[in-house]
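Here's the letter readout for the chains.
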Amino acid sequence: MDGSDSPPAQSRRGEMAERIRAHDWTATALGAADAWPPSLRATISLILGCGFPMIALWGRDLIQVYNDDFQDLMGSKHPAGLGQPARACWPEIWHITAPIYERVWNGETFTFEDALYPLFRSGRLEDAWFTLTYSPLRDEAERIAGILVTLVESTARVLADRALRESEARFRAELERQVQERTAELQASRDLLKATMDSSMDMIQVLKAVRDPAGEIVDFRWLLNNSTSASRYGDVGGQSLLERNPGVIQEGIFDTFKRVTETGQPATAERRYAHEQFDGWFFQCAVKLGDGVAITTKEISAWKAAQNEMLRLRDESANAALRESEERFRTLASLIPVLLWRSDESGQHNSLNEAWLTYTGQTLQQSQAGGWLEAIHPADRDAVSEAFRSGREQQRLIEVQQRIRRYDGQYRWFLVRQAPLLDTEGQVTQWIGAAMDIHDLHDLQERQTILVAELQHRTRNLLGVVRSIAHQTMAQTGPSERFREQFNDRLAALSRVQGLLSRSEQEPITLRTLIRTELDALGGGDFADRIHIAGPPVRLRKASVQTLALAVHELATNARKYGALTTEHGRLSVTWRADRDDQGGGNLLIEWIEEGISRPREEQSPTRRGYGRELIEQAMPYALNAKTHYELGETRLRCAIELLLGERFGQVSTA
């Protein structure tokens, strides 16, 4: 193959093919691309289709043309390095490469493994190691027209695999032997592609598809086989792949070659493969070439063996550390009176301390694979199982209260927490759990709840007694109907406040709840489309609830009897906003606005400046340190109450 029928570089896909097509080559020694010789076009087509980093240095100026894989090695020198002379692009290593280039111009080929090159490519000079081959490129007259450099950066491996130095030395010796053999072959070669292939220490083969009458690929035949491949397969030119090597079907290699030929998508794979001539690990790259594939295969058996040994040593060290950690955990857990356990990432296999086994009466075997649930109260099991399942899925702290059966059958309340332990990659390796007996505290809290409920009940009863006494007194003294109505309403408001306070341990009292409760008690539900309530969640402290509730009650009562809710077009808006500071305090502004009042408020409500207004303007500043502003117009009422958030009033909460 002389390269004349190879597809031009412009037909290749990928970033570098596009850059080569768009580059102004007339500004370089190569001249216009449409005047390039077939040998240069074939070389560019070869490097663009290869899965390894390759760069062609053409002409005495060593003009650079490289493929997509090589651009990653260029660093900050890309894309300016395309079409640039090698000496101008790599001045920091010219003292190394110049003698090599000169000898390659004289017909020699050089291959180096893990060669050190100080490169300036990321803003600073750094050491880099490469395995690379320098080989001459010949034109149609068999004159040397350029240099092909095939390389793979091995910096990471050189720095990481110091333990493999002895193996690398054997590889280096073998590489030097192969370089000498390939050099002799290259000097007599008349086929540019064959010479390039033979310079590689990897197995390089070109296969042509064999199709049936329907166009289906049924086999491949060898077209080219480099020396490394021939040393393993022998002379296989023109032979059938399936007849010579039927194992490629079972290994999936044949299907891979078909897919690459049909789709044009390259394929790489790392696999262990057994053949009649060899048995080892190989890294293989296949690319489409015409109606067939070009395959590059590198044996990595020694590297895999070293890798497996390193993994074995790592696992052995990790297992030893785990055994030591288990022993420390058992020793520590046996000294702590709290129930402790440790489980794997799935929560199935547990290591429990003596306190758990003694308390529950279970054996270690009985507690495995979910057996510990038998010690949980039947009424708590579903909730506990769900909490542990959800916690493990979300990799978060698990906290539940549950009853655990003692060895004598008695159930006691425990506070249970289980936390994940993560590795350096953020993956859960195990769970650590603890259960603390809170039975006495739990009973005390229940008794306290009962006492609070009883106290609130008695308070409401006392308010009822006060109301009854007031009614009897009014019956004897003959008070006005207005006094009876207002007195009853205010007592009812106090009763509703007591109801909220009685449930405050289970349901925290919020500003929205308090406002909605008062409006609903006065029939606010009938005016839902005319009432607007909005503001952030604000949790109220118990000491501030009663005063604020009475103020809201007075405003709501007047709105219902004299204000916005007495007209068809009236509107009531209750809004609040909070400005918080870094210490958790701040200001809260509540605005009560009535729109659409039919007549001047002073005419409708002669008592408007009575108890309610005094409560807002005098009592609230004293009791809650509030700032109030009360403004009454002919058609509008605005009442603004500004309070300090914090320990005295309440706090903004997302609850």
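Residues numbered from 1 in each chain as written. Predicted model: local features only at pLDDT ≥ 70, side-chain atom pairs only at ≥ 80, totals over all residues. Heavy atoms only, no water.

*Asks:* How do you make sense of the environment of Tyr-411 when you look at a structure like this?
*Replies:* Looking at the secondary structure, you find Tyr-411 in strand S14 (residues 411-422). When its relative accessible area of 23% is taken as the criterion, Tyr-411 is described as partly exposed. Taking C-alpha positions, Tyr-411 is 7.1 Å from His-377, a pair spaced 34 residues apart along the chain. With residues near it in sequence (within four places) discarded, Tyr-411 still touches Ala-375, Ile-376, His-377, Pro-378, Arg-403, Ile-404, Arg-405 and His-439. (Helix = DSSP H or I, 4+ residues; strand = E, 2+ residues; numbered from the N terminus. Buried < 20%, exposed > 50% of the residue type's maximum accessible area, 1.4 Å probe, protein only. Contact = heavy atoms within 4.5 Å.)

*Asks:* Looking at this structure, how should I read the packing of helix H19 (residues 542-561) against helix H21 (residues 611-624)?
*Replies:* Think of two packed helices as two axes; the pair is described by the angle between the axes and how far apart they sit. Close contact between H19 and H21 brings their axes to 9 Å; oriented N to C, the two are set at 160°. It follows from the interaxial angle that H19 and H21 lie roughly antiparallel. Viewed along their axes, H19 and H21 form a crossing whose handedness is left-handed. Contacts between H19 and H21 involve Ser-544, Thr-547, Leu-548, Leu-550, Ala-551, Glu-554 and Leu-555 from the former and Tyr-611, Gly-612, Leu-615, Ile-616, Met-620, Ala-623 and Leu-624 from the latter. (Axes fitted to C-alpha atoms, helices over the stretch in contact; angles between N-to-C directions. Parallel < 35°, antiparallel > 145°, perpendicular 65-115°, else oblique. Left-handed = near helix turned anticlockwise from the far one by under 90°.)

*Asks:* Hey, could you run me through the pairing of strand S2 (residues 63-66) in this one?
*Replies:* A regular strand places its side chains on the two faces of the sheet in alternate fashion. What you see with S2 is no split at all: Ile-63 and Val-65 on one side and Gln-64 and Tyr-66 on the other are buried throughout. One ladder, built from 4 bridges, connects strand S1 (residues 54-58) with S2; its direction is antiparallel. Residue pairing across strands places Leu-57 opposite Gln-64, the latter belonging to S2. Counted between consecutive antiparallel strands, the loop separating S1 from S2 contains 4 residues, among which Gly-59 sits at a positive phi close to 80°. (Pairing = 2+ DSSP bridges.)

*Asks:* Help me understand the pairing of strand S20 (residues 627-632) in this model?
*Replies:* With 6 bridges connecting them, S20 and strand S21 (residues 636-645) associate as antiparallel partners. Bridged to Leu-632 within S21 is Leu-637. Hairpin connection from S20 to S21: 3 residues lie between these consecutive antiparallel strands.

*Asks:* Honestly, the sheet that holds S20 in this entry has me stumped. Any pointers?
*Replies:* Backbone hydrogen bonds are what pair the strands of a sheet, in a parallel or an antiparallel way. Read across the sheet, 5 strands follow the order S16-S18-S19-S21-S20 without closing on themselves; strand pairing throughout is mixed. The two strands at the open ends of the sheet, each matched to only one other strand, are strand S16 (531-534) and S20. Neighbour-to-neighbour, the strand axes of the sheet open up by a mean angle of 10°, direction not taken into account. Strands in contact with H19 are strand S19 (586-595), S20 and S21; relative to S19, the strand with the most contacts, it is inclined by about 15°.

*Asks:* Please explain helix H12 (residues 253-263) as it appears in this structure.
*Replies:* For the α-helix, the turn length of 3.6 residues means that residues three or four positions removed from each other point alike. Considered for burial, the residues of H12 that qualify are Ile-253, Phe-254, Thr-256, Phe-257, Lys-258, Val-260 and Thr-261. Positive backbone phi, at 80°, marks Gly-264, one or two positions downstream of H12.

*Asks:* Mind showing me how you'd approach the sheet that holds S2 here?
*Replies:* Pairing within the open sheet is antiparallel, and its 5 strands lie in the order S2-S1-S5-S4-S3. In this open sheet, the two edge strands, each paired with only one partner strand, are S2 and strand S3 (110-120). For this sheet, the mean inter-axis angle between neighbouring strands, taken without regard to orientation, is 35°. Sitting on the sheet, helix H2 (residues 38-49) touches S1, S2, strand S4 (125-138) and strand S5 (144-153), and the angle it makes with S1 is about 165°.

*Asks:* Explanation requested: the packing of helix H18 (residues 511-521) against H19 in the structure shown.
*Replies:* With their axes 9 Å apart at the nearest point, H18 and H19 run at an angle of 40° to one another. Comparing the axis directions of H18 and H19 gives the class oblique. Here the hand of the crossing between H18 and H19 comes out right-handed. Contacts between H18 and H19 pair Leu-511, Leu-514, Ile-515, Glu-518 and Leu-519 from the former with Val-545, Leu-548, Ala-549, Val-552, His-553 and Ala-556 from the latter. Residues that form the contact of H18 with H19 fall into these classes: 9 nonpolar, 1 polar and 1 charged. (Nonpolar A, V, L, I, M, F, W, Y, C, P; charged D, E, K, R; others polar.)

*Asks:* What am I meant to see in unusual backbone geometry here?
*Replies:* Trans is the prevailing form of peptide bonds, just as negative phi is the prevailing case for residues other than glycine. In this structure, Pro-79 follows His-78 across a cis peptide bond, with omega equal to 10°. Its identity is not glycine, yet Leu-62 carries a phi of approximately 55°, on the positive side. Among the secondary structure elements, Leu-62 is positioned in the loop between S1 and S2. The phi torsion at Asn-625 lies on the positive side, around 55°, for a residue other than glycine. Within the secondary structure, Asn-625 is located in the loop between H21 and S20.

*Asks:* Help me understand the side chain of Asp-219, please; the structure alone is not making it clear to me.
*Replies:* The topology assignment puts Asp-219 in strand S7 (residues 217-225). Within the local environment of Asp-219, its side chain forms a polar contact with the side chain of Ser-240, the two groups lying 2.3 Å apart. (Polar contact = N/O pair within 3.5 Å; in protein donor to acceptor, adjacent residues only side chain to side chain.)

*Asks:* I tried to follow the pattern of salt bridges on my own but got confused; where do I start?
*Replies:* Close approach of charged atoms allows side chains of opposite charge to pair. The full count for this structure, using the stated rule, is 18 salt bridges. Arg-60 is the salt-bridge partner of Glu-102, the closest N and O atoms lying 3.9 Å from each other. Note that Glu-102 is positioned in helix H5 (residues 94-105) and Arg-60 in the loop between S1 and S2, a separation of 42 residues in sequence. Classification of Arg-60 by relative accessible area gives exposed; the value is 56%. Between Arg-389 and Glu-386 there is a salt bridge; the shortest N-O distance is 2.5 Å. Pair noted here: Arg-389 and Glu-386 are both in helix H15 (residues 378-394), with a separation of 3 residues, about one helical turn. Given the relative accessible area of 33%, Arg-389 is considered partly exposed. Exposure remark for Glu-386: the relative accessible area of 39% places this residue in the partly exposed category. Each member of the salt-bridge network shares a partner with another, and the members are Glu-386, Arg-389 and Glu-393. (Salt bridge = Lys/Arg side-chain N within 4 Å of Asp/Glu carboxyl O.)

*Asks:* I would appreciate a short explanation of H5 in the present structure.
*Replies:* For H5, built from 12 residues, the straight-helix expectation of 16 Å at 1.5 Å per residue is met to within 8% by its first-to-last C-alpha distance of 16 Å. Taken as a whole, H5 has its buried residues at Thr-97, Ile-100, Tyr-101, Val-104 and Trp-105. Down the axis of H5, the buried side of the element spans an arc of 140°, and every buried residue falls inside it. In this structure, the buried residues of H5 make contact with S1, helix H4 (86-89), S3, S4 and S5. Positive phi appears at Gly-107, one or two residues downstream of H5, with a value of about 105°. (Expected span 1.5 Å × (residues − 1). Arc of directions from axis to C-beta.)

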